[in-house]
Every structure is written in structure tokens, then in C-alpha cells.
Amino acid sequence: MAREHMHLAFSAHLSGAHQGSWRDRATREGADVDVRSFHEIAQIAERGLFDLVFVADSPAVRSEPREVYSRIQHFTNVLEPLTALTAMAAVTSRIGLGGTASTSFYEPFNVGRLFASLDHISGGRAAWNVVTTATDFAAKNFGLDRMPAHADRYRRAREFIEVVLGFWGTWEDGAFLYDKEGGRLFDPDKLHPLEYSGEFFQIKGGALNLEPTPQGRPVVIQAGASEAGKALAAETADVVFGVGKDIATAKAFYDDVKGRLRSFGRGESSLKILSGVSLIVKPTKAEAEDTLARLDGLVHDDVLRQGVAMDLETDLSHLSLDDHVPASILPKQGNLHTEYFNTLVTAIREKNPTLRELGRMNHRGNDTLLGTPQQIADELEERFAAKSADGFMFQFPLQPEGLSDFVELVVPELQRRGLFRTAYAGATLRDHLELPHLSPRAQTDSAGA
Ligand SMILES: Cc1cc2nc3c(=O)[nH]c(=O)nc-3n(C[C@H](O)[C@H](O)[C@H](O)COP(=O)(O)O)c2cc1C
């Protein structure tokens, strides 16, 4: 019997997904704002038959302390995702195109319209990554001092998704007639204006000015790791980017999220969990280790300290890297990335590391796998066989080198083992992910109103 195939996605991060990456000789200055770099990675990944290229986003410049942040590339100088994805759509034909849009700062109509447009432009390859945004620097761009509380952000996110689904369902398939003879543009019975009344949104008779999309509706992704995040994902997401620094934590996350599906009347295969993995593959393990050591050596002390301070939501500027972080100075709970916050707090309580050690272990939910193509394929196969993932969401510390190494070295190995496709079987992202094409009105009958 044919083996089940894993699904593969990766994060664009054109400066590389490591704090030292932008300074490395293998990355290009300004790649995050150069459309040719986006074209290049989308085409390499499509050659490697990836399900999805993903453009993450944070609508903010992390700016203070400026002396420190002037050393950090963290969405500081990047193209806006939907614009970049549209440019990638034009030079590819199969690969899925996912991007982040925040429920805290957009209106549902804008998000619904943007991703529906991308789905049309790309012939059914669009995916929206739903985030609530986890930095107060973004709040300032929208007239707020701080992000709203975590629970409030997630209540708004839930309503936001319902309203977007509502907009995607305002027209039935075949609504637009373009009947030149009879003078009828659309069938009036196939327009269903949206009525929604919630805590955050009231829509009385709204409608999206765009017909149903090739996928029925774009794929919905989520990556929240908090209790609220997992609950929302189980109810509404098609894809989840999971955390998992090792096989045991990945499996716990997988079982947790999948286990919640039944209470929403959903089957296991209706949601794909792509486990987060940072990786460097080289012909020898020593080369992969040397590459990571080279990158670690490019991280300035202030940058290492700020990375921890950001995730602990605490000023650590008075500490040296050889100091231990006193638990007494930390907030009782995180309001931003709660998973990263909790992981660091647990490490402080259990292991009392120095700030330098804490910085080196702060991988934000991902492990960095290092090895030869066989070793990497072994590790991915083991995680996949253990049902800790339906596939993987890669972060490559070097771009485009990390992606092209993976496509040249690991993809053929996975194919040889029968673990990955040898050709795209369908045309849309839902086809690649083996998700059903949903009627655009599938959820609207029960949503809102
Ligand atoms: C693979 C992956 C990609 C993510 N991309 C983004 C992103 O583009 N923008 C963002 O604000 N958060 C991003 N996140 C963070 C989460 O989606 C989420 O906002 C964050 O973890 C805070 O929510 P939580 O407290 O529920 O975990 C990403 C997380 C993962 C694992």
C-alpha cells in the first residue's frame, strides 16, 4: 500500500530565520524588500513540490531601545505579505501562498477581500494565517499604547473569522450571469447579504464584491499555542503551525489540538498540523554544525539579551549575559507570545540558566535540526510516523541557501522513502493538503446572525 505523504511548508524569511542570519555572508542585503528574492524562493519551493510558501508578518518596527534594535532584523524592513504573495503568484502555478493578516488591526471585510482576491489571482492557492499580533510596537502604529489583553484579542479573533467566512459566503456559486441579452448581471436569489451581531462586529446587510473563489474559500491557518489559540484553531482552522522542540512536545501538541476537533463535529483529517522545525542540512553533519556555530557567532550580546527580554516581556538591560534571571522580576503571566514566555519561565524555574544560556535555548518553539540529508530525513520520518505531525513548517536559518539545500538534498530522499509526492496531484492548495473544497456557504448558515 502507498505510504501517506507528509505536507511541507516553509517560512519565507528572506534574511534567514536566525538572529545572526542577516549578517551572514550567505544572505543578501535587502532581500526582504526585493521582489526578485520572493520570486526565487517561490520557484525553488515549487520545484521541490512544497505545499506552501508562507510569508509571516508583524506590522511594526521594534524600535526601542534603538541602540539595540538597530542590530535586529525582525520584520524591520520587509514587503507587506499580500503584495509579495501576489507577486509570487504571477511566477508560479502550483505552490500554495500563505500570509499573515492580524485580526487586531484589520477589518474582516478587508481580510476577506484581500485573500479572496489572491485566491482568484492564483487559481486557488491562497491561505490566510490568522494572528492576533503579539507586540506593543504594532499597537502604536494603530493609535494604542499597548496590545489589548490576550483573552480580548482572541474573542475578537473568533468573531473576526466568523465574519470573514460570512463575507466569503455572500454569493452562491454561479451567481454572476453576465446575461448580456437579458440585461442581468447577477441572479438576485444568489446574493445573501451578511447579518452579524457580536461583541466586536455588527454587520447589517454587508456583502463582498467578489464571487466565490476557486477553493470555495481560502485555507485558514493558525499558529497560536496558548489555550485560547488551540481552542480557536480546533474550531476554525484548516492548518495549524504547531510548536514542538522535540518529538514528545510535538506529539503532545498534536494530540491536544486533534483531540478537540470532535467537540466541533470535525473529523481528524479536516485539520492538518504542520510541526515547526528549524533546520540546516549539509552533505556532512560537521558542515551543518559549523554553519549554526557561524550564525551563533554573529549574534551581538545585546541582541541575545533583547531576544530574551522581548519574550519575557521584561527589561533585562541591567543584567550581564553571565547573570541569572531572577524569577522575582518577571510578570506573573505573558500577554504577548504566551508559549515562548511560559517556556522561558519554566527553564528559569527548573534550570536557573544564565542569561546567555537562556538566549541560546530561546528557539521560540522550534528546534534546530542539524545533519546530513539521511539524518534529516530519518528525523522527519520518525516524527511523521509517530503521528506528531501531518507535515512540517520549516524555518531556514539561511535563505535561499537553506531552502535550495533542502530541495536538492532532502526532497529526493523523502521521495525515495515514499514519504513525499513526486508530482503535484491537483491544482489548488486544498488539493495539495487533501482538504475538501468547501462550498463558500458551508459555515455561513450557522454563523453569526
Ligand atoms: C510557524 C509560526 C508562524 C507564525 N507567524 C506569525 C506571524 O506571521 N505573525 C505573528 O504575529 N505571529 C506569528 N506567529 C505567532 C502565533 O501565531 C501567535 O500569534 C503567538 O504565538 C501568540 O499567540 P498565543 O499566545 O496563542 O501563542 C507564528 C507562530 C508560528 C509557530
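Residues numbered from 1 in each chain as written. Predicted model: local features only at pLDDT ≥ 70, side-chain atom pairs only at ≥ 80, totals over all residues. Heavy atoms only, no water.

**Quick notes on the site of the ligand**
- By nearness alone, 20 residues border the ligand, and Asp 57, His 150, Tyr 154, Ser 226 and Thr 338 come closest of all.
- Separating a nitrogen atom of the ligand from a backbone N or O atom of Asp 57 is a distance of 2.7 Å.
- Note that an oxygen atom of the ligand is positioned 2.6 Å from one of the side-chain N or O atoms of Thr 338.
- Taken by itself the ligand offers 620 Å² of open surface, and the protein chains cover 92% of this.
- Mapped onto the shell around the ligand, the elements with two or more residues apiece are β4 (126-131), α6 (150-168), α11 (338-351) and β13 (391-395).
- Its residues assigned to classes, the shell around the ligand shows 10 nonpolar, nine polar and one charged. (Near = heavy atom within 4 Å. Polar contact = N/O pair within 3.5 Å; in protein donor to acceptor, adjacent residues only side chain to side chain. Areas by Shrake-Rupley, 256 points an atom, 1.4 Å probe, with all protein chains shown as cover. Helix = DSSP H or I, 4+ residues; strand = E, 2+ residues; numbered from the N terminus. Nonpolar A, V, L, I, M, F, W, Y, C, P; charged D, E, K, R; others polar.)

**Considering the domain arrangement of the protein**
- As far as domains go, the protein holds domain 1 (7-284 + 366-433) and domain 2 (296-361).
- The gap between the C-alpha centroids of domain 1 and domain 2 is 28 Å.
- Each side of the interface is counted separately: domain 1 has 24 residues, and domain 2 has 15 residues.
- The largest per-residue losses of area from domain 1 upon contact with domain 2 belong to Gln 19, Arg 71 and Ala 134, which jointly make up 27% of the total buried on that side.
- On the surface where domain 1 and domain 2 come into contact, there are five residue pairs in polar contact (both at pLDDT 80 or more).
- Of all the secondary structure elements, the ones that give two or more residues to the side of domain 1 that touches domain 2 are α2 (66-69) and α6.
- A per-class count over the side of domain 1 that touches domain 2 returns 10 nonpolar, seven polar and seven charged. (Domains from an automatic or database assignment. Contact = heavy atoms within 4.5 Å. Buried area = accessible area lost by both parts, 1.4 Å probe.)

**Structural notes on the nonpolar core**
- Core analysis: the largest hydrophobic core is formed by 67 residues, its most contacted members being Phe 50, Trp 128, Phe 394, Phe 406 and Leu 414.
- Ranked by residue count, the leading element in this core is α6, at nine residues.
- For Phe 50, the residues in contact, after removing those within four places along its chain, are Leu 8, Ala 9, Phe 10, Ala 45, Ile 95, Phe 394, Leu 403, Phe 406, Val 407, Phe 420, Arg 421 and Tyr 424.
- Of all hydrophobic cores here, the second largest spans 29 residues; its members include Ala 138, Val 299, Phe 341 and Ile 348. (Core = buried A, V, L, I, M, F, W, Y, C linked by side-chain atoms within 4.5 Å. Buried < 20%, exposed > 50% of the residue type's maximum accessible area, 1.4 Å probe, protein only.)

**Section: the pattern of salt bridges**
- All told, the structure shown has 26 salt bridges when counted by the stated rule.
- Salt-bridge contacts for Glu 64 lead to Arg 66; the nearest nitrogen and oxygen are separated by 3.1 Å.
- You can call Glu 64 partly exposed: its relative accessible area is 42%.
- Arg 66 gets classed as exposed once you look at its relative accessible area, which sits at 59%.
- Between Arg 383 and Glu 379 there is a salt bridge whose closest N-O contact spans 2.9 Å. (Salt bridge = Lys/Arg side-chain N within 4 Å of Asp/Glu carboxyl O.)

**Thoughts on the pairing of strand β2 (residues 52-55)**
- Burial along β2 is two-sided: Leu 52 and Phe 54 facing one way and Val 53 and Val 55 facing the other are all buried.
- With three bridges joining them, strand β1 (residues 7-11) and β2 adopt parallel strand pairing. Bridged to Ser 11 within β2 is Phe 54.
- In this fold, the crossover linking β1 to β2 by way of helix α1 (residues 35-47) has right-handed handedness.
- Of the pairings in the sheet, the one linking β2 to strand β3 (residues 96-102) comprises four bridges and is parallel in character. Residue pairing in the sheet places Leu 52 in a bridge with Gly 96 of β3. (Pairing = 2+ DSSP bridges. Right-handed = clockwise from strand over helix to strand, strands pointing away.)

**Examining the side chain of Ser 226**
- Residue placement: Ser 226 occurs in the loop between β9 (219-222) and α7 (227-236).
- Of the residues examined, Ser 226 reaches a relative accessible area of 9% and is grouped as buried.
- Polar side-chain contacts of Ser 226 include one of 3.0 Å to the backbone nitrogen of Gly 229.
- The contact partners of Ser 226, leaving out residues within four places of it in the chain, are His 150, Tyr 154 and Thr 338.

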